[in-house]
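# Architecture at a glance
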Amino acid sequence: RGLGDVYKRQQLRYPKFVVLKTAIVILNWNGKKLLEQFLPSIVNFSSELAEIYVADNASTDSSIAYVKEYFPSVHIVENITNGGYAKGYNDALKSINAEIYCLINSDIEVTQNWISPILEVFKKEKNTAIIQPKILDFKAKDTFEYAGAGGGFIDLYGYPYCRGRVFNHLEKDTKQFNDVAEIFWASGACFFIRSKVYHQLNGFDEDYFAHQEEVDLCWRAQNEGFDVKYVGNATVYHVGGATLQETNPQKTFLNFRNSLLNVIKNVPKQWFLFIVFSRLLLDGIAGIKFLLELRPIHTWAIIKAHVSVYVHFYKFLQKRKNLQKKYEYNLHTSIVWQYFVLGRKKFKNLR
């Protein structure tokens, strides 16, 4: 069935509802088991308002054959290589025509009527370029999930955290974030963006490979004057760690490296030297903490992350020359201080 018929049905059902042409794009790499588990919910609860795509990052399993056999209505875009999250989406979205892209992980279960509230905000707020829904834990559905929770923020030093998740402390969902709110970054696990803005900003920075490239893209979008929002009456459930487990040192490496690259690339000039040197010191303290916890492999991952930053330093200095830096820091001064020293673990207690 064509999208034209879908639009007509939606106009009859909701006369004031203007359907924005939406593409849900699932990035896949050897994820047949995840597609078997989670693709049905996306098809069942999304097909009337969006076209669904699987963007395959050169998988070697039978995931694409599975999609073709059991979900013939789902479109497939096959990338030549596995370029990670950033390049994978950049390559795939070149061939997908839509007004709104929804970039969604293959380990997410969606819910009934999850898209409509988000499209309504896009329709009403022309300056809103990026939106994320409420992200709860698939394994504990009354709890916010690490990767995005109730919307993302950063502190003065560029450390990311969320409403509902500060470092590793996860809050229960008591409807405290059932709102529409301005946030700093939207989770790459379920990331809605206007296609014009995505291409205007040249998509994700492929030097990140994976992790925190969505923070960078949201930062650049705000520097260009766009808004990033959270819509709390749209809910999805995320498994998390399906690609890289939390205990994987490669995840530690990417998170520390890419967070520091975000700082080098995006912070305003007046804060640059102070924040970069402070981050190097704070990361060093984190490395010592890992040692004391008898996790030296993660200390080594931080060391490698800093070496990689030094290698990329000049390149990212050149990138920042081409970017506007309009964002003024008005968030919490140090999430590290408030969490580890003052013991403030809930978002509402932060100052």
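Values in this document were obtained by computation on a predicted structure and should not be read as measured data.

Our next topic: the pattern of salt bridges. Per the counting criterion, the structure on display carries 19 salt bridges. The salt bridge partner of Glu-109 is Lys-141, with a shortest N-O separation of 2.8 Å. Taken together, the residues Glu-109 in strand E5 (residues 108-110) and Lys-141 in strand E7 (residues 140-144) connect sequence positions 32 residues apart. According to the relative accessible area criterion, Lys-141 is partly exposed, its value standing at 37%. With its nearest N and O atoms 3.0 Å apart, the salt bridge here joins Lys-315 to Asp-207. With Lys-315 in helix H10 (residues 296-321) and Asp-207 in the loop between helix H6 (195-200) and helix H7 (213-223), this pair connects stretches of sequence that are 108 residues apart. Through salt bridges that share partners, Asp-205, Asp-207, Asp-216, Arg-220, Lys-265, Lys-315 and Lys-319 make up one connected network.

Per-residue pLDDT for the protein has a mean of 91; in total, 91% of the residues score no lower than 70. Scored below 50 in pLDDT, residues 11-16 makes five contacts in the model with residues more than four places away or belonging to other chains.

Before going further, it helps to spend a moment on the pairing of strand E13 (residues 190-194). In terms of residue burial, E13 counts as a mostly covered element, since five of its five residues are buried. Neither face of E13 is open: one carries Cys-190, Phe-192 and Arg-194, the other Phe-191 and Ile-193, and all of them are buried. Where strand E4 (residues 100-104) and E13 come together, five bridges link them in antiparallel fashion. Across the sheet, Ile-100 pairs through a bridge with Arg-194, a residue of E13. Pairing between strand E6 (residues 128-137) and E13: two bridges, direction antiparallel. What sits directly across from Ile-131, in E13, is Phe-192.

Right, let's talk about the side chain of Asn-262 for a bit. Relative to the helices and strands, Asn-262 resides in helix H8 (residues 249-266). Residue Asn-262 is classed as buried on the basis of its relative accessible area, which comes to 1%. Apart from the residues lying within four places of it in its own chain, the contact partners of Asn-262 are Tyr-208, Gln-212, Val-215, Asp-216, Trp-219 and Val-267.

Below, the discussion takes up the packing of aromatic side chains. Following the criterion strictly, the structure yields 22 aromatic pairs and no others. Between Phe-167 and Phe-340 the ring centres are 5.0 Å apart and the planes differ by 55°, which places this aromatic pair in the tilted class. Taken together, the positions of Phe-167 in the loop between strand E10 (165-166) and strand E11 (169-170) and Phe-340 in helix H11 (residues 335-341) put the pair 173 residues apart, joining distant regions of the chain. The exposure class assigned to Phe-340 is partly exposed, which follows from its relative accessible area of 46%. Taken together through their ring pairs, the aromatic side chains of Tyr-85, Tyr-89, Tyr-101, Phe-191, Tyr-198 and Phe-204 make up a single cluster. One residue, Arg-165, lies across the ring of Tyr-146, its end atom 3.9 Å from the ring centre. We note Arg-279 situated over the ring of Tyr-159; from NZ or CZ to the ring centre the distance is 4.1 Å.

Calculation notes
Residues numbered from 1 in each chain as written. Predicted model: local features only at pLDDT ≥ 70, side-chain atom pairs only at ≥ 80, totals over all residues. Heavy atoms only, no water. Salt bridge = Lys/Arg side-chain N within 4 Å of Asp/Glu carboxyl O. Helix = DSSP H or I, 4+ residues; strand = E, 2+ residues; numbered from the N terminus. Buried < 20%, exposed > 50% of the residue type's maximum accessible area, 1.4 Å probe, protein only. pLDDT = per-residue confidence, 0-100. Contact = heavy atoms within 4.5 Å. Pairing = 2+ DSSP bridges. Phe/Tyr/Trp six-rings, centres within 6.5 Å; stacked < 30°, edge-to-face > 60°. Lys NZ or Arg CZ within 6 Å of the ring centre and 35° of its normal.

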